[in-house]
Amino acid sequence: MGETGGTTWMTVGISVGVSLVTFWGLGGLVHWWFYVHRRADAERWKVQPRRFLSRAMVRHAFALGSFNIVMGAVIGGLFASHVARGGWSTLYSDPLEHGVPWLLASAVATYFVIDAGLYYSHRALHGRWLFRHVHRWHHRYTAPVIFTTTAVHPIEFLVFQAFVMLPVVVVPVHWAVYLLVVAYTYLIGMIDHSGVIVRWPLPLHPGNQFHDDHHVFVHCNYGHHTQVFDRLHGTVRANDRRYADDELGEGARRGPA
Ligand SMILES: [Zn+2]
Ligand SMILES: [Zn+2]
């Protein structure tokens, strides 16, 4: 193996290692603390205090989620080594190249490019055919736990990753800023799927009930980072609307969107 190949595999190894440490380590710790240690106390911390996934479903989410995160980490690691070798992307490495204000503006741009990509792809996944054959995998988890964050059909995971990586071809962004926004994307996904009540002091993402409700009511609340696109398109869950249980089985046939 040449030096380039060795560096590539080291980058991939680090990427896989970091992903697994967070998913198994951090995720496992949160899961153990609430779902094992404080299980009897669920009324005080759980978004859906009376609904728990079966142990088999938790194991299923853990295995599928782990598979996807390793796949994503390999792709991310390969891309990182491509950039490290001087390969093309819109990432840059001198923090002053586009000025200091752009460091902040590019973070906001990257954030909304990812938010938009995830919203519209999620809406598309609720179309009847895609829902039935692809996205339903994720909706089997009606009371999400942290491991369901990445427990989706592998094709859906690749679509998700493509939109997370979209900024590196459309937004000139410093690599560290990009990495921070990606880390935030990952973190917010884990918080949204933890099933544990978390309030989040950011405008348009006040907490994780919004996405937990997506798992309960299905054809509403598609946004990932914010509610901006749900508000724009009228897909926020309406309190006075009853979402029939069979909508999950029927795909998006009678969804509000
Ligand atoms: Zn969905
Ligand atoms: Zn979800």
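Residues numbered from 1 in each chain as written. Chains lettered and ligands numbered in written order. Predicted model: local features only at pLDDT ≥ 70, side-chain atom pairs only at ≥ 80, totals over all residues. Heavy atoms only, no water.

- The name given to the protein chain in an unreviewed UniProt entry is Sterol desaturase family protein, and the organism recorded there is Sandaracinus amylolyticus.

**Focus: a nonpolar patch on the surface**
Phase 1 of the analysis: Together, Met-10, Ile-14 and Val-18 make up an exposed nonpolar region whose accessible area comes to about 310 Å².
Phase 2 of the analysis: Tracing the backbone shows Ile-14 in helix α1 (residues 3–37). (Patch = residues over 30% accessible without salt bridge, like charges linked within 9 Å, V, L, I, M, F, W, Y side chains within 5 Å. Areas by Shrake-Rupley, 256 points an atom, 1.4 Å probe, with all protein chains shown as cover. Salt bridge = Lys/Arg side-chain N within 4 Å of Asp/Glu carboxyl O. Helix = DSSP H or I, 4+ residues; strand = E, 2+ residues; numbered from the N terminus.)

**Concerning the UniProt feature "domain: Fatty acid hydroxylase" (unreviewed entry) in the protein chain**
Phase 1 of the analysis: In the numbering used here, UniProt assigns the "domain: Fatty acid hydroxylase" (unreviewed entry) feature to residues 108–235.
Phase 2 of the analysis: Span residues 108–235 is 62% helix and 7% strand, its end C-alpha atoms 23 Å apart. (UniProt positions renumbered as here; feature names shortened; annotations may be inferred.)

**Some words on the nonpolar core**
Phase 1 of the analysis: One finds Tyr-35, Trp-45, Tyr-141 and Phe-147 to be the most contacted residues of the largest nonpolar core, which totals 21 residues.
Phase 2 of the analysis: When residues of this core are traced back to their parent elements, those giving at least two are α1, α2 (42–45) and α3 (55–84).
Phase 3 of the analysis: For this core, the leading source of residues is α1, giving six residues.
Phase 4 of the analysis: Residue contacts for Tyr-141: discarding those within four places in its chain leaves Leu-53, Met-57, His-60, Ala-61, Leu-64, Thr-148, Ala-151 and His-215. (Core = buried A, V, L, I, M, F, W, Y, C linked by side-chain atoms within 4.5 Å. Buried < 20%, exposed > 50% of the residue type's maximum accessible area, 1.4 Å probe, protein only. Contact = heavy atoms within 4.5 Å.)

**Examining unusual backbone geometry**
In terms of backbone geometry, most residues other than glycine have negative phi values and most peptide bonds are trans.
Phase 1 of the analysis: In this structure, Leu-204 is a non-glycine residue whose phi angle is positive, near 65 degrees.
Phase 2 of the analysis: Along the chain, Leu-204 turns up in the loop between β3 (199–202) and β4 (205–207).
Phase 3 of the analysis: Leu-204 sits in the partly exposed class, given a relative accessible area of 31%.
Phase 4 of the analysis: Phi is positive for Val-218, close to 65 degrees, though the residue is something other than glycine.
Phase 5 of the analysis: Counting through the fold element by element, Val-218 comes out in the loop between α9 (209–217) and α10 (228–233).

**Describing the pattern of salt bridges**
Phase 1 of the analysis: Following the criterion strictly, the structure yields three salt bridges and no others.
Phase 2 of the analysis: The partner of Arg-50 in a salt bridge is Glu-43, with the nearest N and O atoms 2.9 Å apart.
Phase 3 of the analysis: With relative accessibility at 71%, the residue Arg-50 sits in the exposed group.
Phase 4 of the analysis: The exposure class of Glu-43 is exposed, given its relative accessible area of 54%.
Phase 5 of the analysis: Where Asp-213 meets Arg-237, a salt bridge forms, and the shortest distance between an N and an O atom there is 3.6 Å. Taken together, the residues span a long stretch of sequence, with Asp-213 in helix α9 and Arg-237 in the segment after α10 at a distance of 24 residues.
Phase 6 of the analysis: Residue Arg-237 is classed as partly exposed on the basis of its relative accessible area of 21%.

**Points about the side chain of Thr-148**
Phase 1 of the analysis: Mapped onto the fold, Thr-148 is located in the loop between α5 (128–139) and α6 (154–165).
Phase 2 of the analysis: Judged by its relative accessible area of 0%, Thr-148 is buried.
Phase 3 of the analysis: Among all residues touching Thr-148, those that are not within four sequence positions of it are Leu-53, Ala-61, His-138, Tyr-141 and His-193.

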